[in-house]
Amino acid sequence: MNTSGPSWRETVPPAVHRDAVAAETARFVAALDGADLSLPVPGCPDWTLLDLVRHTGSVQRWFSVLLRQRVQEPPRSREVELELPADDHGWADWLTASADRAAEAFAETVPDAPMWAWGADQHARFWMRRMLFETLVHRTDAERAVGLRTETDRVLAADGVDEFLVNLPFATSFAPGVAHLRGNGETLRFRCTDTVGDWLVRLLPDGFEVAPRTGEAAAGPADAVVQGAAADLLLLVYGRLGHDADAIETTGDGELLARWFTHSAF
């Protein structure tokens with residue numbers, strides 16, 4: 001499988017990712033105030049708001065354990081001490097405590113420390129960045145579930161699109177459809193219309209590659225183009241918006257677009 005991609009670390013360094021985990025969790029917790037935890041979550045079929053909270057906090061705690069252990073190979077178990085609340089009134093505090101655990105793990109970890117990761121970047125910073133977008137996207141899920149308007153910083157959102165695209169080739173173990181993203185040089189362009197962010201995906205016989213469109217390459221054609229505000233593109237790649245949504249503009253090969261979005265579900 002061929003992959004390459006732009007590094008967003010110069011624009012959004014690990015320190016920003018770490019701080020944003022706390023900020024996004026606080027926004028998630030705010031959305032829970034007075035909410036019915038049995039509400040369905042639009043972005044996560046068959047999940048309730050309670051399922052969403054438990055998943056997000058559990059992931060934060062698991063990633064924190066991986067960071068503390070500086071794992072060098074795939075873990076054999078995802079079992080961690082969750083310290084679940086005694087009743088439904090304790091879930092907001094529990095989620096806050098999960099983010100606190102993450103902050104403690106971040107404080108003990110050098111972002112550039114070599115570490116196993118399932119994605120492209122084999123360093124501790126991978127897990128900091130991954131934790132942020134796991135939390136951020138589910139924060140938007142919670143807000144949508146309770147009827148709140150969702151907003152996301154455009155630079156963070158563009159970073160999230162990059163993180164998704166660059167790691168997607170490695171996600172076949174839990175997103176098997178990705179294995180069907182093959183081709184003979186077909187290209188898709190993803191472009192943010194409100195901030196820096198422009199990627200070219202090229203389908204190849206053994207996978208696909210992701211590269212930034214810069215300089216002369218930025219003017220080259222693509223078989224299909226997907227563009228929108230960074231926050232909308234982030235929701236699009238995570239399946240929270242359809243590529244036919246009003247906020248998204250698509251042009252070019254419709255079959256290629258349909259194939260991509262059918263098989264890129266994360």
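Figured I'd write up the structure that's included with this text. Nothing here was measured: the structure is a model prediction, and the numbers come from that model. Residue numbers run consecutively from 1 along every chain, following the written order of its sequence. Where local features are concerned, this predicted model is filtered to residues with pLDDT of at least 70; where side-chain atom pairs are given and counted, the filter is 80 or more; whole-chain, interface and lining totals use all residues. Heavy atoms from the whole structure form the basis of all side-chain values; hydrogens and water molecules are not counted.

Some thoughts on the pattern of salt bridges
For salt bridges, the criterion is a side-chain nitrogen of Lys or Arg within 4 Å of an Asp or Glu carboxyl oxygen. Taken as a whole and judged by the stated rule, the model has 20 salt bridges. The closest approach of N and O atoms between Asp112 and Arg125, which form a salt bridge, is 2.6 Å. Pair noted here: Asp112 is in the loop between helix 3 (91-107) and helix 4 (124-145) and Arg125 is in helix 4, with a separation of 13 residues, a long-range link. Partly exposed residues are those whose accessible area sits between 20% and 50% of the maximum for their type, while under 20% is buried and over 50% is exposed, using a 1.4 Å probe and protein chains only. Residue classification places Asp112 among the partly exposed positions, given a relative accessible area of 46%. By sharing partners, the salt bridges in this structure join Glu24, Arg27, Arg139 and Glu143 into a single network. Secondary structure elements are taken from DSSP: a helix is a run of H or I of four residues or more, a strand is a run of E of two residues or more, and numbering for both begins at the N terminus.

Observations regarding the nonpolar core
Side chains of a nonpolar character, in soluble globular proteins, are inclined to be buried together. We call a set of buried residues a nonpolar core when its members are Ala, Val, Leu, Ile, Met, Phe, Trp, Tyr or Cys and they connect through side-chain atoms within 4.5 Å of each other. Core analysis: the biggest nonpolar cluster contains 61 residues, and Trp127, Phe190, Phe208 and Trp260 have the highest contact counts within it. Ranked by size, the runner-up nonpolar core spans 15 residues in total, among them Phe28, Leu32, Leu52 and Trp91.

Some thoughts on the environment of Pro13
Relative to the helices and strands, Pro13 resides in the segment before helix 1 (14-32). Given a relative accessible area of 29%, Pro13 falls into the partly exposed group. It is 8.8 Å that separates the C-alpha atoms of Pro13 and Arg125, two residues lying 112 residues apart in sequence.

Examining helix 5 (residues 154-167)
A rise of 1.5 Å per residue sets the reference length of helix 5, with its 14 residues, at 20 Å; its end C-alpha atoms lie 20 Å apart and thus fit the reference within 8%. Counting buried positions along helix 5 yields twelve of 14 residues, so the element is predominantly enclosed. For helix 5, the set of buried residues is Leu156, Ala157, Ala158, Asp159, Gly160, Val161, Asp162, Glu163, Phe164, Leu165, Val166 and Asn167. N or O atoms closer than or at 3.5 Å make up a polar contact, with two conditions inside protein: a donor-capable atom paired with an acceptor-capable one, and, for residues adjacent in sequence, both atoms drawn from side chains. By the N-cap criterion, in which a side-chain oxygen at the helix start approaches the backbone nitrogen of a residue two or three places on, helix 5 is capped by Asp153, the distance to Val155 being 3.0 Å. Expected helix span is computed as 1.5 Å times (number of residues minus one).

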